[in-house]
Amino acid sequence: ALGHLPLAGLTLLLLYHATRLRAGRVVASWAVILMACSPMFLFSTPTGQSVPTSLFCVVLAAFGYTLLRVGRSWTGALLLGVAVGFGMMVRPQATAPVGAVLVAAALLHLAARRRLLPAAALCLTLAAWAGLMLAYNRVITGSPLTMPWALIKPVEQYGFGRVWEISSYRHTLWTTLE
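Residues numbered from 1 in each chain as written. Predicted model: local features only at pLDDT ≥ 70, side-chain atom pairs only at ≥ 80, totals over all residues. Heavy atoms only, no water.

Q: What's the story with the packing of helix α1 (residues 4-23) against helix α2 (residues 25-37) in this structure? I'm lost.
A: Closest axis-to-axis distance for the α1/α2 pair is 7 Å, and the angle between their directions is 150°. Considering the angle they form, α1 stands roughly antiparallel to α2. For the pair α1 and α2, the sense of crossing is right-handed. Between α1 and α2, the residues in contact are Thr-11, Leu-12, Leu-15, Tyr-16, Thr-19, Arg-20 and Ala-23 and Arg-25, Val-27, Ala-28, Ser-29, Ala-31, Val-32, Met-35 and Ala-36, respectively. In terms of residue class, the contact of α1 with α2 is built from 10 nonpolar, three polar and two charged. (Axes fitted to C-alpha atoms, helices over the stretch in contact; angles between N-to-C directions. Helix = DSSP H or I, 4+ residues; strand = E, 2+ residues; numbered from the N terminus. Parallel < 35°, antiparallel > 145°, perpendicular 65-115°, else oblique. Left-handed = near helix turned anticlockwise from the far one by under 90°. Contact = heavy atoms within 4.5 Å. Nonpolar A, V, L, I, M, F, W, Y, C, P; charged D, E, K, R; others polar.)

Q: Explain the packing of helix α5 (residues 73-90) against helix α7 (residues 116-141) here, please?
A: The relative placement of two packed helices comes down to the angle between their axes together with the axis-to-axis distance. Contact pair α5 / α7: the axes reach a minimum separation of 8 Å and the direction vectors enclose 15°. Overall, the two elements α5 and α7 adopt an arrangement that is roughly parallel. Handedness of the crossing formed by α5 with α7: right-handed. Touching Ser-73, Trp-74, Ala-77, Leu-78, Leu-80, Gly-81, Val-82, Val-84, Gly-85, Phe-86, Met-88 and Met-89 of α5 are Leu-117, Pro-118, Ala-121, Leu-122, Thr-125, Leu-126, Trp-129, Leu-132, Met-133 and Tyr-136, all from α7. Residues that form the contact of α5 with α7 fall into these classes: 18 nonpolar, four polar and no charged.

Q: Sorry if this is basic, but what is going on with empty space enclosed by the protein here?
A: Empty space among the atoms becomes apparent when a probe as large as a water molecule is rolled across them. In the structure shown here, the tally under the stated rule is one cavity of 30 Å³ or more. In this model, the largest cavity occupies a volume close to 30 Å³. Going through the elements one at a time, α1 and α4 (51-69) are the ones with two or more residues in the lining of the largest cavity. (1 Å grid on protein atoms, 1.4 Å probe; cavity = no way out; pocket = protein on both sides within 12 Å on 5 of 7 lines; lining within 4 Å. Points joined across faces, edges and corners; volume = space filled by probe spheres on them.)

Remember, this is a structural readout, not a statement about activity or role.
Below, the structure is given as C-alpha cells:
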C-alpha cells in the first residue's frame, strides 16, 4: 500500500502535464487540486486496492493521447498502448471504457494525418498486452477468456453472465438496456 503513495504523486504530475499541454497552467493546477482533494483519491491511495494503479494507467493513457495530439505521435502512441494494456491487466472495468475512447480517437487522429506507423505501433502494443492477458488467464484459470476473479467464492462477477452464484439472475445486453 505504501507503494501507492509515490504512484499517486506521479499520477498528479502526469495529470498536470497532460492538462497543461492542452489547457494551460491555471486549468492544470485546478485539475490537480481537485483530484488531490477528491474523496476517492484520498481514501483509496493508501490502501492495497487496485484503484490507484488503475487511475495511474488512465492518466498515463490520457498523457500519451495528449502527446500524440501535440505532435509526438510515436511517444504518445506507445505510452497510450502500454497504459491501456497494463490498465486492462490491473482493472479492466475502469480502463476499458476510457481506453476504448482514447484509442479510437488516437487512431482517427493518426489516420487523418497519415501517421500509419505510429498507429500500427499502438495496435501492436495493445495486441501484445492482450496476448499477455489471455496467456495469464489461461495459466491461472485454465481458460484464456476467464478472468482470475471468477475463481473467488462466492462468485460476484463484472460483465455479462451470471452475477452471483446464489442467484439465477443473469446480466445480459437486454438487462443493460432495460
